[in-house]
Amino acid sequence: MPILNRLGSGSALPIITLLLIGFVVSVVAVLSESISFAGSDNLTVPLLSALILDVMLKSSLAQQITVVGWIAFSFLLAYIAHRLKALTLGGTAGAMLLGSIVFSIGGIFWVIPMATFFVLSSILSKIGKLKRTILKGMVDKGSQRDILQVYANGGVSLIMAVLFHFTGNDLFYLMFLGSLAAATADTWGTEIGIFSRNEPRHILTFDKVPAGTSGGVTALGTSGFFMGAGILTLSGIFPVSGSILQLFIIVAISGIIGALIDSIVGASLQAQYKCPHCQKTTEKLLHCGSYKTTLIAGIRWIDNDVVNFICTGSGALFVLLFCKLFI
Ligand SMILES: [Zn+2]
């Protein structure tokens, strides 16, 4: 209870600190309010405001100014992504909030991997976009990430940042890297795999499936898993003490496993629909204009966002498992 200690001891906070705190807390409160749905703001606004207040009260004046800088930086990144049409409006607000909190808690060592994931994935999505228009109608969402996609990919990072803030345990940093490595591997696998000349094969049955099918894998896409997980891990592994090579392997392998689990769940449990008009299999609820599709496989609530959350969650959990087993 730092605020009680400080206020209780009779020492007043300097005016500059109060201004910085007032600014940061109101920015986080407004963002939480703007992205909340179905009354969830009753929970998210007080919790996230209290969290950022705690971050500010535990920081020196220099660190508090840095926090304002990181919030500005997360706004800049999200704004550029929005201008490049990589984020929808809701996705932009969600990314600003996510970035503000994760960057404020973690500083530069958390900023670099997140920015790496964000920038490289956005660029790859843009390159893949042209190819994707050919596959249009099969994939649920376009290349613009909406708020659910932002949190399907970044929600685990947020949880790890909060756990790191309250414990100071480096393990949560490594789990954060594992979740981002999985998200990057998945994105790269998909975006690079689109360019494969060979037809994808179903990850479980090995039957040939049309390009764009959930759970369809190609050799090229699988090489994207390795590159994506490897580059993301390289962007973040250095601040952790211990055997860097061992930690690199643990995080990168966990990322690849996360992306494989994504493909397996996508191939087995993810909801697949059929359009009554054109008979195509799709992830969309509406197809060919306004035709309501019917569920033909998978579980209704397991959509692409749920699968992505499972992907990033498994990336983090495998880091935990491997660290407990081997370190
Ligand atoms: Zn159709």
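Structure shown above.
Not measured: the values here are computed from a predicted model.

The rules we used
- Residues numbered from 1 in each chain as written.
- Predicted model: local features only at pLDDT ≥ 70, side-chain atom pairs only at ≥ 80, totals over all residues.
- Heavy atoms only, no water.
- Phe/Tyr/Trp six-rings, centres within 6.5 Å; stacked < 30°, edge-to-face > 60°.
- Pairing = 2+ DSSP bridges.
- Helix = DSSP H or I, 4+ residues; strand = E, 2+ residues; numbered from the N terminus.
- Axes fitted to C-alpha atoms, helices over the stretch in contact; angles between N-to-C directions.
- Left-handed = near helix turned anticlockwise from the far one by under 90°.
- Contact = heavy atoms within 4.5 Å.
- Nonpolar A, V, L, I, M, F, W, Y, C, P; charged D, E, K, R; others polar.
- Salt bridge = Lys/Arg side-chain N within 4 Å of Asp/Glu carboxyl O.
- Donors = N, O, S within 2.8 Å, 3.2 Å for Na, K, Ca; no water.
- Buried < 20%, exposed > 50% of the residue type's maximum accessible area, 1.4 Å probe, protein only.
- Core = buried A, V, L, I, M, F, W, Y, C linked by side-chain atoms within 4.5 Å.
- Domains from an automatic or database assignment.
- 1 Å grid on protein atoms, 1.4 Å probe; cavity = no way out; pocket = protein on both sides within 12 Å on 5 of 7 lines; lining within 4 Å.
- Points joined across faces, edges and corners; volume = space filled by probe spheres on them.
- Expected span 1.5 Å × (residues − 1).

A. The arrangement of the packing of aromatic side chains in detail. Counted according to the given criterion, the structure contains 9 aromatic pairs. Each residue in the set Trp110, Phe164, Tyr173 and Phe176 is aromatic and connected to the rest through ring pairs, giving one cluster.

B. A look at the sheet that holds strand β4 (residues 281-282). With antiparallel pairing, the 3 strands of this open sheet are ordered in space as β4-β3-β7. The sheet terminates laterally at β4 and β7 (294-297), the two strands that pair on one side only. Where strand β3 (residues 272-274) meets β7, 3 bridges bridge the pair, whose relative direction is antiparallel. Its bridge partner being in β7, Gln272 is matched across the sheet by Ala297.

C. Inspection of the packing of helix α8 (residues 170-193) against helix α9 (residues 219-236) at higher detail. Contact geometry for α8 and α9: axes closest at 7 Å, N-to-C directions at 145°. You can see that α8 and α9 cross each other, and the crossing is right-handed. Counting all contacts with α8, which are made through Tyr173, Leu177, Leu180, Ala181, Thr184, Ala185, Asp186, Trp188, Gly189, Ile192 and Gly193, the residues of α9 involved are Leu220, Gly221, Gly224, Phe225, Met227, Gly228, Ala229, Ile231, Leu232, Thr233 and Gly236. Residues that form the contact of α8 with α9 fall into these classes: 13 nonpolar, 8 polar and 1 charged.

D. Summary view of the pattern of salt bridges. Throughout the structure, instances matching the rule amount to 1 salt bridge. In this structure, Asp54 engages Lys58 in a salt bridge whose closest nitrogen and oxygen atoms are separated by 2.8 Å.

E. Inspection of unusual backbone geometry at higher detail. A positive phi angle, close to 60°, is found at Lys85, a residue other than glycine. Checked against the element boundaries, Lys85 lands in the loop between α4 (61-83) and α5 (89-106). You will see that Cys288, though not glycine, has its phi angle at about 50°, which is positive. Summarising the element assignment, Cys288 is placed in the loop between β5 (286-287) and β6 (291-292).

F. Layout of the coordination of the zinc ion. Those donors, Cys275 (SG), Cys278 (SG), His287 (ND1) and Cys288 (SG), are the protein atoms that reach the zinc ion, and they lie 2.0 to 2.3 Å from it. For Cys288, a relative accessible area of 36% corresponds to the partly exposed category.

G. How the structure looks around the nonpolar core. If you look at the biggest cluster of nonpolar residues, it comprises 72 residues, and the most contacted ones within it are Val102, Leu174 and Phe176. Of the residues forming this core, the biggest block, 11 residues, is contributed by α8. Composition of this core by domain shows at least three residues from each of domain 1 (1-106) and domain 2 (109-327). For Phe176, the contacting residues outside a window of four places in its chain are Val102, Trp110, Pro113, Met114, Ser157 and Met160.

H. Fine view of empty space enclosed by the protein. Applying the stated rule across the entire model yields 2 cavities of 30 Å³ or more. Within this model, the largest cavity holds a volume of roughly 220 Å³. Lining of the largest cavity is provided by 17 residues; of these, Ala95, Leu98, Met114, Phe118 and Val150 occupy positions nearest its centre. Listed by contribution, the elements that provide at least two residues to the lining of the largest cavity are α4, α5, α6 (108-134) and α7 (147-167). Across the lining of the largest cavity, the residue classes tally to 12 nonpolar, 4 polar and 1 charged. Shared between two domains, the lining of the largest cavity takes at least three residues from each, and those domains are domain 1 (1-106) and domain 2 (109-327).

I. Representation of α4 within the structure. The end-to-end C-alpha separation of α4 is 33 Å, in line with the 33 Å expected for 23 residues at 1.5 Å each. Along α4, the positions that sit buried rather than exposed are Gln64, Val67, Trp70, Ile71, Ser74, Leu77, Ala78 and Ala81. Just past α4, the residue Lys85 takes up positive phi, approximately 60°.

J. Quick look at helix α3 (residues 41-57). The terminal C-alpha atoms of α3 lie 23 Å apart, and with 17 residues this matches the ideal 24 Å at 1.5 Å per residue to within 8%. For α3, the set of buried residues is Asp41, Val45, Leu48, Ser49, Leu51, Ile52, Asp54, Val55, Met56 and Leu57.

Function-wise, these values are silent; they only describe arrangement.
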